[in-house]
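Here is what each chain is made of, one letter per residue.
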Amino acid sequence: MKQQAQHTPPFTEGINRVDGIMKVTGAAKYSAEYELPGMTYAVFAISNITKGTITSIDTKAAERAPGVLAVLTHLNAPKVPGYEAGKDPSKPPTTGGPLKFFVDNSVKYNGQPIAMVVADSFERATYAASLIKAQYNKQQHETDTEKNKFKAAAPKGGRNGGDYKRGTPDDWKAAAVKVEQEYVVPINVHNPMELSVTLAHWTADDKVTVYAKTQGVKSTQNAIAQAFKLPVENVQVTTKFVGGAFGNALRTWPHEIATVQAAKLVKRPVKTVLTRELQFNTVGYRPYTWQKVSMGASADGKLTGIIHEATAQTSSFEEFTEGTVNMTRFMYACPSVGTVYKITPLDVNTPTWMRGPGEATGAFALESAMDELADKLGIDPIELRIRNHADTDPENGKPFSSKNLKEAYEMGADKIGWSKRKLKPGTLTEDGWLIGYGMGTGVFGAGRGRATVKAALLDNGTLLIQTSVTDIGVGTGTAMTQIASEIFTGIPVKKIKFELGDSSLPPSPTQGGSTITSTVGGAVHDACTQLKEKFQQLIGNGGTDKPDYVKVLKEKNLPQLEVTVTSSGSTEMRNFSSYSYSVHFVKVKVHPKTGVVRVDNVVSVADSGHIVSPKTARSQIIGGAIGGIGMALMEEGIMDHRYGRYVNNNYADYHVPISADIPQIDALFVNKPDYRVNPMGAKGMGEIALIGMSAAVANAVYNATGKRIRELPITPDKLLS
Amino acid sequence: MKQFQYIRPATQQSVLDAITKPGTKILAGGSNLIDLMKRGVTSPDKLVDIQKLPLRGISQNKGNVMTVSVGALELNSAVAENKIIKESFPLLSMALNAGASPQLRNMATVGGNMMQRTRCTYFYDTAMPCNKREPNSGCGAMEGINRMHAIFGTSEKCIAVHPSDMCVALAALDASVEVKSKKGTRYIPFTEFHRLPGETPQLDNTLATGELITRVIIPHNNFAKNSYYLKVRDRSSYAFALISVAVGLDIRGGNINEARLAMGGVAHKPWRLKAAEQFLKGKPATVANFEEAASLAMQGAKSFGHNDFKLKMAPASIIEALSNAAKLS
Ligand SMILES: Cc1cc2nc3c(=O)[nH]c(=O)nc-3n(C[C@H](O)[C@H](O)[C@H](O)COP(=O)(O)OP(=O)(O)OC[C@H]3O[C@@H](n4cnc5c(N)ncnc54)[C@H](O)[C@@H]3O)c2cc1C
Ligand code: SF4
């Protein structure tokens, strides 16, 4: 299937990041960098116990400390009107709701804010917060998922509740070749460079302006409007740049509401920037998840049954669920599949989606188990996947809107030199290091949602495109500019202005779940197409391909020509299953004596339709691979369960890959359009960049050493034991 | 962080005057001290910034014994890249470059590196018990998360490790430390500079109140050709050692004339492996001998659960480091 050349994208290069220069020169203004006249700073005092009640809290010293304007606690905090009505400031993931700060004396997790100090400088607020002393009535807490697995139950709400069963999943037990193994993904913490930021400024009694770190200005706007019972348009939310989020700014957290509340109280702008330590328990994390995969295959490698079980942690006050086991239902052509998903409530803050969320957790188990099965069968792991390739969606019987997974396997295998891989582990060495090759597959739903885009041709020759979407660093502005530039071929890229990150602009969804290129891109495409038609009508027949827009607008005496278009996916999509796929290939070196693992080479192949913006797509794949290396080899939020406190809540002790850990990474694209999803033929590729990567690394480590590490991260100690 | 006074004296005398008072702390690069202040682990009333003192420079002194002297304010990065150091003591250069990150090495000074405190997370978190931070509050790590902790020289009170890489090399190189106070000058052998926790884990070293580190002096040796610093860590850079091993061998005709071995990540101080050194003296540089040396070095090791793996990783690392120094692998 050597067809790569045939699918060379029409624009192999793609445009440069439209905000690249701004970012590298420091001109890009991030939310924490906004300064307002009279601005004040908020710092939290936090609970040192994990569960119980506050019996007394002494804030006198803090109140007297220099520069302090206010100290908010449950005893004196002004009521948040939306809280009183029992409404939550943000949509809970499923059932329950986020914690409301300063409403009562209960402590639900260690590190929970018990007071908020507002002062005229960050340092003074920090010092004053350190003077607050609380007495508690302590209760026995539980923070250990492993220990509390027995309490786990099916979630009550949400899309991920309920067991799934097709055929007779227990058939795996009778199979010729079987795998039955447990896998653990520990707590991972998003840890983007940019900390959580909220700067709130009431411009009138019923009007508030907020600069926030959020993945969705519209959802933050709605959450604040609900909490303070304001008309939505009275809340202005701006997020021009995001310094990485990875899911932790997908929802509006209670400390953000508290900041808005404090600003109302002190009648001055209040800025809250969380500390690195507080990031760990204030804005979510990937939940600790235990999994078990039981699978069986006939001697010729045909799957006969799979059961995939998962138990993850959630908080005591809110259900968080994610699609951990869902991939197993449709990934392979297996007649009998069962999935079981449970959660166990703990005295911790609520987890949230993180990088390729539950799917990345689930893919570690499923794709590791597939590797184990291939090993037992004595066949190549790619061959096993091809033998069980699902030609139609086994979960619902629908055809796929497009699927080029086999081609992706081939492209990646070629590039990494898969033929050098030895079937028998521990047999390849280079310079005294053990060498191994591994692969893993990723998959994520590819849909298209609703978005509204305004496109306008201005009489100065600018094409202005506006929508509220945020760019969390992935290059949305660039991709949208690219889409527009292909419709308005006569307008130079630098004359295309894409405005985003502002709640007063036409609504787009929150950036997350790999939907933005498809959803917003689709709307940009439709708006630009309609604008072009409108222009065509203006000049009548006989217009050229590259008309002089400025001249025409001036002649017609029009300062601008604009359209506002709302669009979403076609109903035809209901007849199809639509997914984006990735295949990750990894070469690792393992030191035979010290157990040190170094990733030597990565090839990630994306099958995600037409690649709209090649440069930013490549960056996304590289970023995902790096995130996957982190998840596989080093990331773990470690808690001392005796205290319910993290012991590595800082950048020195919570390891993410640094430059020296990052090898050559090749991003390859199948680049075949899927026009069923949207008019560009593009499918999302945000999450697939990471999903499956940690399994690829673990499988490569096994191939190098013969040691199967089923509990991430794969640190040197685990390879020595 | 509580309010404090900050001074930056221009003379050594005024620094020595200022640091006699309790609650006063010397500030060098600040890369450790400021962090500790931010976390509330230490709250000095006064910071005495010593950056104006002439404590820089690396020079060779040709006395009875040839030595190299390194000023206490020399930057970690500058020492690592210095020509004299690279030629005479490549081990020190390797160890320095294995520490922290380039940004930190550009801030960190030699004196500050020696005086940096443990990275035990219970020590850093004022809400947890820690005998080192708060005597008699208990040791959080003993039955807690102790993956990074010591296997040698521990006490009932504390099982923390000294986190420095540079100091492991300096211990192996038999350096000595010049310290000054109002009482005068004294010299502390490097291996006696740091101490074991014993009953008083709050004391990291033998530097007395009112003393200033001014220089580190390294005697000439014949290890330059066969030196190696191995650092085993959880990521390729910017991570503290799980285990580190500093090796200097003086090999003549395949035989080890003299050996120096020290380990990091295993004790409250850089851990010299004297028994192993003794064993290797006069023996051929073979893997079999290295294995024997490693097992001698491990005598008396004791682990605490999460750090059990060090009992395996440490000897493996000793063998690996020796083999690299002897250029066997
Ligand atoms: C994230 C991170 C990772 C790190 N990783 C490593 C690593 O892998 N390996 C490693 O070895 N180190 C590592 N370090 C530690 C680093 O080496 C030290 O922070 C640095 O060496 C301290 O030097 P400084 O000049 O900044 O000291 P300062 O912070 O200024 O001072 C530290 C202490 O030394 C005292 N002091 C300073 N100079 C003198 C003097 N002349 N006389 C007497 N007392 C003095 C101060 O009073 C203070 O108590 C890391 C640090 C960080 C923050
Ligand atoms: S090991 Fe030492 S530093 Fe760590 S908690 Fe125990 S006493 Fe404190």
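Source: prediction; values computed, not measured. (Residues numbered from 1 in each chain as written. Chains lettered and ligands numbered in written order. Predicted model: local features only at pLDDT ≥ 70, side-chain atom pairs only at ≥ 80, totals over all residues. Heavy atoms only, no water.)

Colleague: Any chance you could break down the overall build of chain A for me, citing the residues and the numbers?
Modeller: For chain A, the helix and strand inventory stands at 17 helices and 26 strands. If one aligns the C-alpha atoms of chain A with their principal axes, the spans along those axes are about 80 × 75 × 50 Å. For chain A, the exposed surface amounts to about 25800 Å²; the carbon and sulfur share of it is 50%. Within chain A, one finds 80 positive and 70 negative side-chain charges whose respective centroids are separated by 1 Å. (Helix = DSSP H or I, 4+ residues; strand = E, 2+ residues; numbered from the N terminus. Areas by Shrake-Rupley, 256 points an atom, 1.4 Å probe, with all protein chains shown as cover. Lys, Arg positive; Asp, Glu negative; His and termini not counted. Charge placed at Lys NZ, Arg CZ, Asp CG, Glu CD.)

Colleague: If you had to explain the environment of Ala169(B) to someone new, which residues and values would you point to?
Modeller: Residues and elements named next belong to chain B. Tracing the backbone shows Ala169 in helix H9 (residues 166-172). Taking relative accessible area as the criterion, Ala169 reaches 0% and is therefore assigned buried. Along the backbone, Ala169 and Ala150 are 19 residues apart, and their C-alpha atoms lie at a distance of 18 Å. What Ala169 contacts, discounting residues up to four positions off in sequence, is Leu91, Leu92, Ala95 and Ala246. (Buried < 20%, exposed > 50% of the residue type's maximum accessible area, 1.4 Å probe, protein only. Contact = heavy atoms within 4.5 Å.)

Colleague: I'd love a proper account of unusual backbone geometry, names of residues and values included.
Modeller: Residue and element names in this part refer to chain A. Looking along the chain, the bond that leaves Leu712 and enters Pro713 is cis, with omega of -5°. Locating Pro713 in the fold gives a position in the loop between helix H16 (693-705) and helix H17 (716-720). Phi at Arg355 is positive, roughly 25°, even though this residue is not glycine. On the basis of relative accessible area, Arg355 is assigned to the buried category, the value being 14%. Here the phi dihedral of Asn671 falls at roughly 55°; this positive angle occurs in a residue that is not glycine. Structurally, the position occupied by Asn671 is in the loop between strand E26 (664-669) and H16.

Colleague: Could you give an account of the interface of chain B and chain A, naming the residues involved and the relevant values?
Modeller: Each partner contributes residues to the interface: chain B has 33 residues there, and chain A has 33 residues. Between chain B and chain A, roughly 2700 Å² of surface is buried when both sides are summed, and carbon and sulfur atoms account for 58% of that area. Of all residues in chain B, Asp234(B), Arg235(B) and Ser236(B) bury the most surface against chain A, accounting for 21% of the area lost on that side. The tally of links from chain B across to chain A stands at three salt bridges. Residue Glu320(B) is joined to Lys593(A) by a salt bridge in which the shortest nitrogen-to-oxygen separation is 3.0 Å. On inspection of chain B and its partner chain A, the count reaches 12 residue pairs in polar contact (both at pLDDT 80 or more). Elements that contribute at least two residues to the side of chain B that touches chain A include exactly helix H8 (121-124), strand E9 (226-232) and helix H13 (310-325) of chain B. The leading source of residues in the side of chain B that touches chain A is H13(B), at six residues. For the side of chain B that touches chain A, the residue count by class is 15 nonpolar, seven polar and 11 charged. (Buried area = accessible area lost by both parts, 1.4 Å probe. Salt bridge = Lys/Arg side-chain N within 4 Å of Asp/Glu carboxyl O. Polar contact = N/O pair within 3.5 Å; in protein donor to acceptor, adjacent residues only side chain to side chain. Nonpolar A, V, L, I, M, F, W, Y, C, P; charged D, E, K, R; others polar.)

Colleague: Describe the site of ligand 2, and please don't skip the residues or the numbers.
Modeller: Neighbouring ligand 2 are 14 residues, the closest being Cys120(B), Cys130(B), Cys139(B), Cys158(B) and Ile159(B). Tallied by class, residues from the shell around ligand 2 come to nine nonpolar, three polar and two charged. (Near = heavy atom within 4 Å.)

Colleague: Please provide a residue-by-residue account of the domain arrangement of chain A, values included.
Modeller: Residue and element names in this part refer to chain A. Assigned domains of chain A: these are domain 1 (31-139 + 195-241 + 249-282), domain 2 (149-188 + 286-446 + 575-720) and domain 3 (448-568). Between domain 2 and domain 3, the C-alpha centre-to-centre distance is 37 Å. Across the boundary between the two partners, domain 2 contributes 15 residues, which contact 17 residues of domain 3. A buried area of about 1200 Å², summed over both sides, lies between domain 2 and domain 3, and 61% of it is on carbon and sulfur atoms. On the surface where domain 2 and domain 3 come into contact, there are zero salt bridges. Per-element accounting of the side of domain 2 that touches domain 3 gives the leading share, three residues, to helix H15 (residues 614-633). (Domains from an automatic or database assignment.)

Colleague: Quick one: what's the story with the sheet that holds E26(A), residue by residue and with numbers?
Modeller: Residues and elements named next belong to chain A. Here five strands make up an open sheet; going across it, the order is E16-E17-E22-E23-E26 and the pairing mixed. Since the sheet does not close on itself, it has two edges, and those belong to strand E16 (429-430) and E26, each with one partner. Across 12 bridges, strand E17 (residues 433-445) lies against strand E22 (residues 579-590) in antiparallel orientation. Residue pairing for E22: Val443 is matched across the bridge by Tyr581. Here helix H11 (residues 405-416) sits on the sheet in contact with E17, E22, strand E23 (597-607) and E26, set at roughly 25° to E22. (Pairing = 2+ DSSP bridges. Axes fitted to C-alpha atoms, helices over the stretch in contact; angles between N-to-C directions.)

Colleague: Report on the pairing of strand E8 (residues 212-219) of chain B, specifying residues and quantitative values.
Modeller: Residues and elements named next belong to chain B. The buried fraction of E8 amounts to six of the eight residues, a majority that puts the element mostly inside the structure. In this sheet, E8 lies alongside strand E6 (residues 176-181) in antiparallel orientation, the contact comprising five bridges. If you follow Val177 over to E8, its bridge partner there is Val216.

Colleague: Kindly report on the sheet that holds strand E2 (residues 52-58) of chain A, identifying the contributing residues and their values.
Modeller: The pairing of strands in a sheet comes from backbone hydrogen bonds and takes either a parallel or an antiparallel form. Residues and elements named next belong to chain A. If you walk across this open sheet you meet the three strands as E4-E2-E6, and the pairing is antiparallel. Unpaired on one side and paired on the other, strand E4 (106-107) and strand E6 (133-138) mark the two borders of the sheet. By the bridge criterion, two bridges tie E2 to E4 in an arrangement that is antiparallel. Bridging across to E4, Thr53 finds its partner in Ser106.

Colleague: Outline the pairing of strand E15 (residues 337-346) of chain A, supporting the account with residue identities and numerical values.
Modeller: Residues and elements named next belong to chain A. Most of E15 sits inside the fold, with seven of its 10 residues counted as buried. As paired elements, strand E7 (residues 164-166) and E15 share three bridges and run antiparallel to each other. Paired with Arg166 across the strands is Val337, a residue of E15.

Colleague: Any details on the layout of surface pockets? Residues and values, ideally.
Modeller: Considered as a void within the structure, the second largest pocket measures approximately 1100 Å³ in volume. The wall of the second largest pocket is formed by 46 residues, among which Glu636(A), Ile638(A), Ile145(B), Arg147(B) and His306(B) lie closest to the centre. Classifying every residue of the lining of the second largest pocket gives 21 nonpolar, 15 polar and 10 charged. (1 Å grid on protein atoms, 1.4 Å probe; cavity = no way out; pocket = protein on both sides within 12 Å on 5 of 7 lines; lining within 4 Å. Points joined across faces, edges and corners; volume = space filled by probe spheres on them.)

Colleague: Account for the side chain of Thr272(A), with residues named and values stated.
Modeller: Take Thr272(A): it is sitting in strand E12 (residues 270-273). A polar atom in the side chain of Thr272(A) sits 2.8 Å from the side chain of Thr259(A).

Colleague: Tell me about the site of ligand 1, and name the residues and values.
Modeller: Taken together, 35 residues sit near ligand 1, with Ile26(B), Gly30(B), Ser31(B), Thr109(B) and Asp165(B) positioned nearest. Close to ligand 1, residues of chains A and B are found. Note that an oxygen atom of ligand 1 is positioned 2.5 Å from one of the backbone N or O atoms of Ile26(B). Within the side chain of Lys231(B), an N or O atom sits 2.9 Å from an oxygen atom of ligand 1. Here ligand 1 loses 96% of its free accessible area of 970 Å² to cover by the protein chains. Here the shell around ligand 1 is built from residues that sort into 18 nonpolar, 12 polar and five charged. The residue makeup of the shell around ligand 1 includes at least three contributed by each of domain 1 (5-52) and domain 2 (226-325) of chain B.

Colleague: Lay out the domain arrangement of chain B in plain terms, naming residues and giving numbers.
Modeller: Under the domain assignment used here, chain B contains domain 1 (5-52) and domain 2 (226-325). For domain 1 of chain B and domain 2 of chain B, the distance between their C-alpha centroids amounts to 36 Å.

Colleague: Got a sec to walk through the nonpolar core? Specific residues and values, please.
Modeller: If you look at the biggest cluster of nonpolar residues, it comprises 91 residues, and the most contacted ones within it are Met295(A), Leu373(A), Phe585(A), Val586(A), Val588(A), Leu633(A) and Ile714(A). The element best represented in this core is helix H9 (residues 357-377) of chain A, accounting for 10 residues. Once you skip the residues sitting within four places of it in the chain, Ile714(A) turns out to touch Val597(A), Ala632(A), Leu633(A), Ala698(A), Val701(A), Ile709(A) and Leu719(A). Core analysis: the second largest hydrophobic core is formed by 47 residues, Ala72(B), Leu92(B), Val110(B) and Ile218(B) among them. (Core = buried A, V, L, I, M, F, W, Y, C linked by side-chain atoms within 4.5 Å.)

Colleague: Account for the packing of aromatic side chains, naming residues and giving values.
Modeller: Residues and elements named next belong to chain A. Applying the stated criterion across every chain, the model contains 18 aromatic pairs over all chains. Measuring from centroid to centroid gives 5.6 Å for Trp202 and Phe228, while their planes differ by 75°, and the two rings are edge-to-face. Here Phe228 lies in the loop between helix H5 (217-227) and strand E11 (235-238) and Trp202 lies in strand E9 (residues 197-204), a separation of 26 residues in the sequence. A single burial state applies to Trp202 and to Phe228, both of which are buried. Look at Phe488 and Tyr549: their rings are 5.8 Å apart centre to centre, the planes differ by 65°, and that puts the pair in the edge-to-face class. Highlighted residues: Phe488 in the loop between helix H12 (476-487) and strand E20 (496-499) and Tyr549 in helix H14 (residues 549-555), separated in sequence by 61 residues. Both residues of the pair, Phe488 and Tyr549, belong to the buried class. (Phe/Tyr/Trp six-rings, centres within 6.5 Å; stacked < 30°, edge-to-face > 60°.)

Colleague: Tell me about helix H6 (residues 254-266) of chain A, residues and numbers included.
Modeller: Residue and element names in this part refer to chain A. Compared with the 18 Å implied by 1.5 Å per residue over 13 residues, the 18 Å span of H6 between its first and last C-alpha is a close match. Most of H6 is tucked away: 11 of the 13 residues are buried. Two residues or fewer after H6 comes Lys267, characterised by a positive phi angle close to 55°. (Expected span 1.5 Å × (residues − 1).)

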